[in-house]
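Below are the chains, spelled out letter by letter.
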Amino acid sequence: MIPAMSYTPPAGLVAVAEGFGVPQALYVPRFLPGARADELLADTLARADWRHERVTLFGRTMTARRLNACYGEPRASYRYSGVVRRAAPWTDQLRTLAADVAAAVGWRFNFVLINRFRDGGDRLGWHADDETDLGLKPVIASLSVGAERVFRMRPKAGGASIGKVLEHGSLLLMWGMSQRDYQHAVPPTARPMGERLNFTFRWTRPEHRGAVP
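In this numbering scheme, every chain counts its residues from 1 along its sequence in written order. Under the rules for a predicted model, residues below a pLDDT of 70 receive no local features and side-chain atom pairs below 80 are neither given nor counted, while totals for whole chains, interfaces and linings still include all residues. By convention in this description, side-chain values take in all heavy atoms of the structure and omit both hydrogens and water.

A.B. asks: So what exactly am I meant to see when it comes to the nonpolar core here?
C.D. replies: Grouped burial of nonpolar side chains is what soluble globular proteins tend to show. In this text, buried Ala, Val, Leu, Ile, Met, Phe, Trp, Tyr and Cys residues form a nonpolar core when linked through side-chain atoms within 4.5 Å. Only protein chains enter the accessibility calculation, which uses a 1.4 Å probe; a residue whose area is less than 20% of its type maximum is buried, one above 50% is exposed, and one in between is partly exposed. In terms of nonpolar packing, the biggest core is built from 37 residues, with Leu97, Val101, Val105, Phe109, Phe199 and Phe201 touching the most fellow members. Broken down by element, this core gets its largest block of residues, six residues, from helix H3 (residues 92–105). Residues are treated as being in contact if the distance between any of their heavy atoms lies within 4.5 Å. Those residues in contact with phenylalanine 199 that sit more than four places away from it in its chain are Leu40, Thr44, Leu94, Leu97, Val112, Leu113, Ile114, Ala141, Ser142, Leu143 and Val145. Ala25, Ala76, Met153 and Met174 belong to the second-largest nonpolar core, a separate cluster that totals 22 residues. Labels follow the DSSP assignment, with helices taken as runs of H or I lasting at least four residues and strands as runs of E lasting at least two, numbered in each case from the N terminus.

A.B. asks: Any chance you could explain the layout of surface pockets here in plain terms?
C.D. replies: A water-sized probe rolled over the atoms picks out the places where empty space is left. Approximately 270 Å³ is the volume found for the second largest pocket. In terms of lining, the second largest pocket is formed by 14 residues, of which the most central are Arg51, Asn68, Cys70, Arg85 and Arg86. Considering only residue class, the lining of the second largest pocket consists of six nonpolar, two polar and six charged. Here a cavity denotes a set of grid points, spaced 1 Å apart and computed over the protein atoms alone, in which a 1.4 Å probe fits but from which it cannot get out, and a pocket denotes an open set meeting protein on both sides within 12 Å along at least five of seven lines; residues with an atom within 4 Å of a point are reported as lining. Grid points are joined across faces, edges and corners, and a volume is the space filled by probe spheres set on the points. Three categories are distinguished: nonpolar for Ala, Val, Leu, Ile, Met, Phe, Trp, Tyr, Cys and Pro, charged for Asp, Glu, Lys and Arg, and polar for the others, with Gly belonging to the last.

A.B. asks: Looking at this model, I keep getting lost on the side chain of histidine 184. Mind explaining?
C.D. replies: Inspection of the secondary structure assignment puts histidine 184 in strand S14 (residues 182–186). Overall, histidine 184 belongs to the buried group, its relative accessible area being 4%. Not counting the four nearest positions on each side in its chain, histidine 184 is found in contact with Gly125, Trp126, His127, Ala128, Asp129, Phe151, Arg152, Met153, Met174 and Gln179.

A.B. asks: Teacher, can you tell me more about the side chain of glutamate 131 here?
C.D. replies: Its place among the elements puts glutamate 131 in the loop between strand S9 (124–127) and strand S10 (140–146). For the charge count, each Lys or Arg is scored as positive and each Asp or Glu as negative, with His and the chain ends excluded. Salt bridge, as used here, is a side-chain nitrogen of Lys or Arg placed within 4 Å of a carboxyl oxygen of Asp or Glu. No salt bridge is formed by the buried glutamate 131; its nearest oppositely charged neighbour, arginine 202, is found at 5.4 Å. Every residue in contact with glutamate 131, bar those within four places of it in the chain, is listed here: Tyr78, Arg79 and Tyr80.

A.B. asks: Please explain the sheet that holds S9 as it appears in this structure.
C.D. replies: Two strands in a sheet stick together by hydrogen bonds in their backbones, pointing the same way (parallel) or opposite ways (antiparallel). The pairing criterion is simple: DSSP has to find at least two bridges between the two strands. Judged by pairing direction, the sheet is antiparallel, and its four strands sit side by side in the order S9-S14-S11-S12 without closing on themselves. Strand pairing shows two members of the sheet lacking a second neighbour, S9 and strand S12 (162–166), which therefore form its edges. Recorded for the sheet is a direction-independent mean angle of 15° between the axes of neighbouring strands. Working convention: axes come from line fits to C-alpha atoms, limited for helices to the stretch in contact. Angles between N-to-C directions cover 0 to 180 degrees.

In short, the description is geometric, and any link to function would need to be established separately.
Rendered as structure tokens:
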């Protein structure tokens, strides 16, 4: 199991971030310059190994209403919804992106899950990234490019949700007990919109049981 480690976002990141409205979550608009965000969107749409995700919820297996792809270091994998996702090798572009995100947030990542929302009907249901493979207090850096979508968080104990429009090139950072205490979702919308990609960087236990750095 990945040991629990304390984490505090770097002061430089906090200075340019906005509070999300829940503890241990920050939103950084314009994290990527527009031209780089445009290039990342176009290249990933064209070159990623897109797959229909199969998930198991409440004992029922279904096809998720979105596409995804996984990349990372050798032997990196991530188990959720009853399925193990094994990372394809980093592309040069994604390796550089992972290093840049890691330098900005002060944490290392060995895995990225890319979700592709093709239109407003593609969605991400309520859940928490609280799988054992991620450890007790995971650091999740979520980069969005493409069409703007609303990202919502709600307390597991009950209460109203809080939403934020995730802009093209923005970064959402979650850490500490945010996954234990909150769920998050990207609800569907009837508004016409283009493609959106979401890159969720994380450290996940390698299959040989390596430790978090």
